[in-house]
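What follows is the residue order along each chain.
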Amino acid sequence: MSKVVIFGNSGSGKSTLAKQLAANKNLAHLDLDTIAWLPVNPPQRMPIADSKTLIDEFLNLNQSWVIEGCYSDLLELVFPQTDEVIFLNLPISACIENAKKRPWEPHKYASKQAQVENLTMLIDWITQYDSRSDTFSKVAHERLFEQFLGRKTMLTSNR
């Protein structure tokens, strides 16, 4: 039984690694992007209590899983059940390159064109990782990594 959490900056490779682990170890996969936002425009965070309900449903349905995202506030809810964490602490330049090469994510964007149109905003977001202090920030992720007492790995490259 594996219960793995992957976190890091946007574009760090969380989804790619989570999909590989899910396939190789037969794990259920939860991308927190799918439960962190309300279906409104402009984007608005779902109340944490509502996201927690969805996380709890996922945990109750699955014995082995990988959960990935950049939401420290949501990841903290999962840590008590987590066996292993992987912090993708890549340089911002690598995250930007990954974001530019990202395949279309139909669970996030209505079309590939809509994803491309959002790329400038995403790159701006990625570049702010070191300077932000919110739940998506490097400082929040470093704190999560330090606080976790189980098996943990920090990767600084996608290789």
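Further up the page is the structure itself.
Residues numbered from 1 in each chain as written. Predicted model: local features only at pLDDT ≥ 70, side-chain atom pairs only at ≥ 80, totals over all residues. Heavy atoms only, no water.

**Considerations on the overall build of the protein chain**
Looking only at helices and strands, the protein chain has eight helices and seven strands in total. For 159 residues, the compact-globule estimate of 2.2 N^0.38 gives 15 Å, and the protein chain sits close to it at 15 Å. Considered along the principal axes of its C-alpha atoms, the protein chain spans approximately 40 × 30 × 30 Å. Counting only contacts in the protein chain whose residues sit at least 6 apart along the sequence, the fraction spanning at least 24 positions is 70%. Put simply, the protein chain shows about 8700 Å² of open surface, and 53% of that area lies on carbon and sulfur atoms. Seen as two clouds, the 17 positive and the 18 negative side-chain charges of the protein chain have centres 6 Å apart. (Helix = DSSP H or I, 4+ residues; strand = E, 2+ residues; numbered from the N terminus. Rg over C-alpha atoms; globule rule 2.2 N^0.38 Å. Contact = heavy atoms within 4.5 Å. Areas by Shrake-Rupley, 256 points an atom, 1.4 Å probe, with all protein chains shown as cover. Lys, Arg positive; Asp, Glu negative; His and termini not counted. Charge placed at Lys NZ, Arg CZ, Asp CG, Glu CD.)

**Comments concerning unusual backbone geometry**
Note that the residue after Asn41, namely Pro42, is joined by a cis bond; omega there is 5°. Position of Pro42 relative to the elements: it lies in the loop between β3 (37-38) and β4 (44-45). A positive phi angle, close to 55°, is found at Asn26, a residue other than glycine.

**Notes on the sheet that holds strand β5 (residues 65-69)**
Overall, parallel pairing links the five strands, which are arranged β2-β5-β1-β6-β7 in an open sheet. What marks the edges here is a single partner per strand, and that holds for β2 (28-31) and β7 (151-155). Each neighbouring strand pair of the sheet contributes to a mean axis angle of 15°, computed without reference to strand direction. Looking at chain direction, β2 and β5 are connected through four bridges and run parallel. The partner of Ala28 across the bridge, within β5, is Trp65. (Pairing = 2+ DSSP bridges. Axes fitted to C-alpha atoms, helices over the stretch in contact; angles between N-to-C directions.)

**A few points about the state of the cysteines**
Within the structure shown, the criterion is met by zero disulfides. Free cysteine: Cys70, not disulfide-bonded; nearest cysteine sulfur from Cys95 at 11 Å. Of the residues examined, Cys70 reaches a relative accessible area of 8% and is grouped as buried. In this structure Cys95 comes out as buried when scored by relative accessible area, which is 0%. (Disulfide = S-S within 2.5 Å. Buried < 20%, exposed > 50% of the residue type's maximum accessible area, 1.4 Å probe, protein only.)

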